[in-house]
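A structural walkthrough
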Amino acid sequence: MNDATMQDDGTKGVSRRRFITGTGSLLGVAAIVGHAPRAWAGVRAAAAPIGSGVHVPVLVIGTGYGGSVAALRLAEAGMDVHMVEMGMAWDTPGADGKIFANTTRPDDRSFWLRTRTKQPLSNFLGFPLDKDVNRHTGILDAEEFGGITVYQGRGVGGGSLVNGGMAVTPRRENFGAILPTVNAAEMYGTYYPRANSGLGVTTIDPAWFDSVDCYQYARVGRKHAQRSGFPFLFVPAVYDWDYMKREAAGAVPKSALDGEILYGNNHGKKSLQKTYIERIRATGRVTISPLHKVTTVTPAPGGGYTVLIDQLDTGGRTTVTKTVTTDKVFFAAGSVGTSKLLVGLKATGALPLLNDEIGRGWGDNGNVMCGRANHLWDPTGKVQSSIPTGGIDNWDAGGAFAEIAPLPTGIETWASFYLSITKNPHRARFTWNAAAGKAELDWQTAWKQPSIDAAKTIFDKINKKEGTIYRTDLFGTYKIWGDHLTYHPLGGAVLDKATDNYGRLRGYSGLYVIDGALIPGNTSVNPFVTITALAERNIERIIATDL
């Protein structure tokens, strides 16, 4: 993500007609921030939520990747587990008969407790795309901190509900920089394979990819990358490819081919509800309470921990506060949720023995976004699968890996769109603002510049080779780079610093971190497979030694 002069150079000689045809389709870009409902049989939250005054042997805070791994393996080991989830269950269709809102029409289901949408792609030719909505416990949280907006999934299944499904295992030679205290041979020999199997990771059929209309955008991205000397990689995903083939044939309701991505996927995507959580429920040992938010964890006088939990309504209001005791707590609320909770617990004296590494080492996985306006002879397709399948690897030479992302607008855009993961060295810290009673993050927008520079090592070269330009209408007026956000928050309770080398929080017995907060800021690729594999590694050791 790089040098600023290319926009001016690339704009020379571009006709007004080509500029408009290359950008005008973004009237549909609001699509990128909506989602359509879907039904999963048998994946319902506990009919009766957790009660006040009860004791549970194990409490897992959060139902995303790390929390789901922990709950499953603990249950298989004979433990009774209760999971609490701040978001909704997402098991009941709305008025339109679908679980999730349609991509092109974000509604109350789309955003977490906002009265106006905050779409990642917010503008078209200077016109804003966001709209007013009713405050609701929707599926996507656009949480704003100083200098950055962090997008997170809210609901049973966590981030698996809203991500693009790109299930990437980092190259082994990069692993030492990701988790330096973890044995790479064990991860690549045991835990990455276990995670990929548990998540249902598969790779698209290359012959079908080359023939189907819905991946025209990715083939254009591949052609441009290869013509500029960059390797194109097929990226595994957690989508049912047979279902997508039937979508393309018109034999089943459309899901990926209806652009469903950011607000949920109604049919073909293998989110956690279809994988780990389905297996969790089959154990009969795990219950899940949605719309429950943990506020305090303190040592109990007789051992174990006392936990205060707010039950929420769908407007985000607390309806009752419950007191629960437990022997062990697994923090799995995501990098941001876990970090904020732990920083607050230390600062307010609830868990004063937590060490000074709590809140540190937070990063954005080097996320930065951009678009390119292609020539008219390079259409990217009216129908685009919302599941990305291809990436451009320039990590060694330029510090960037870029996924070729969809713009599923339903109309031709002549646009290529990318989410880059870059080797950004900056790390932020969560601290406690006592006056405001909340955790704050000290990220600075200027810290995105290394990510822009790294991404530009790819896209400046492609633009020069193809005679194309950057889009300037996606993130604000005349703004090229989506440098205001991250989809991949990592860190804040770093492994072998805030915790020991298996996620046990230093200072307390029976408290664990098991999610992306353990990973110090960058994974070189999309992170959820690494989060899952690390959780598989850690919980195996914890079960063997602590239970």
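Keep in mind it's a predicted model, so treat the numbers as computed, not measured. (Residues numbered from 1 in each chain as written. Predicted model: local features only at pLDDT ≥ 70, side-chain atom pairs only at ≥ 80, totals over all residues. Heavy atoms only, no water.)

**Observations concerning the overall build of the protein chain**
Across its full length, the protein chain carries 13 helices and 20 strands. Relative to its length of 547 residues, the protein chain is compact, with a C-alpha radius of gyration of 22 Å against a globular reference of 24 Å. In terms of its C-alpha atoms, the protein chain occupies a principal-axis envelope of roughly 75 × 50 × 45 Å. Across the 547 residues of the protein chain, 61% fall into the buried class. In the protein chain, 75% of the contacts between residues at least 6 apart in sequence involve partners at least 24 apart. Carbon and sulfur atoms provide 52% of the accessible area of the protein chain, an area that totals close to 19,000 Å². In the protein chain, 57 positive and 50 negative side-chain charges are present, and the distance between their average locations comes to 2 Å. (Helix = DSSP H or I, 4+ residues; strand = E, 2+ residues; numbered from the N terminus. Rg over C-alpha atoms; globule rule 2.2 N^0.38 Å. Buried < 20%, exposed > 50% of the residue type's maximum accessible area, 1.4 Å probe, protein only. Contact = heavy atoms within 4.5 Å. Areas by Shrake-Rupley, 256 points an atom, 1.4 Å probe, with all protein chains shown as cover. Lys, Arg positive; Asp, Glu negative; His and termini not counted. Charge placed at Lys NZ, Arg CZ, Asp CG, Glu CD.)

**Some points on the pattern of salt bridges**
By the definition in use, this model includes 29 salt bridges. Linking Arg73 and Glu76 is a salt bridge whose minimum nitrogen-to-oxygen distance equals 2.9 Å. Note that Arg73 and Glu76 are positioned in helix 3 (residues 65-76) at a spacing of 3 residues, about one turn of the helix. You can call Arg73 buried: its relative accessible area is 15%. (Salt bridge = Lys/Arg side-chain N within 4 Å of Asp/Glu carboxyl O.)

**Details of the nonpolar core**
Grouped together as the largest cluster of nonpolar side chains are 87 residues, with contacts concentrated most on Phe330 and Phe331. Looking at this core, the element that brings in the most residues is helix 13 (residues 528-546), giving 8 residues. The contact partners of Phe330, leaving out residues within four places of it in the chain, are Val58, Leu59, Val60, Ile61, Ala70, Leu74, Tyr512, Ile514, Ile539 and Ile542. Counting 63 residues, the second largest nonpolar core, distinct from the first, contains Val162, Phe230, Ala415 and Phe459. (Core = buried A, V, L, I, M, F, W, Y, C linked by side-chain atoms within 4.5 Å.)

What is shown is where atoms sit, not what they do.
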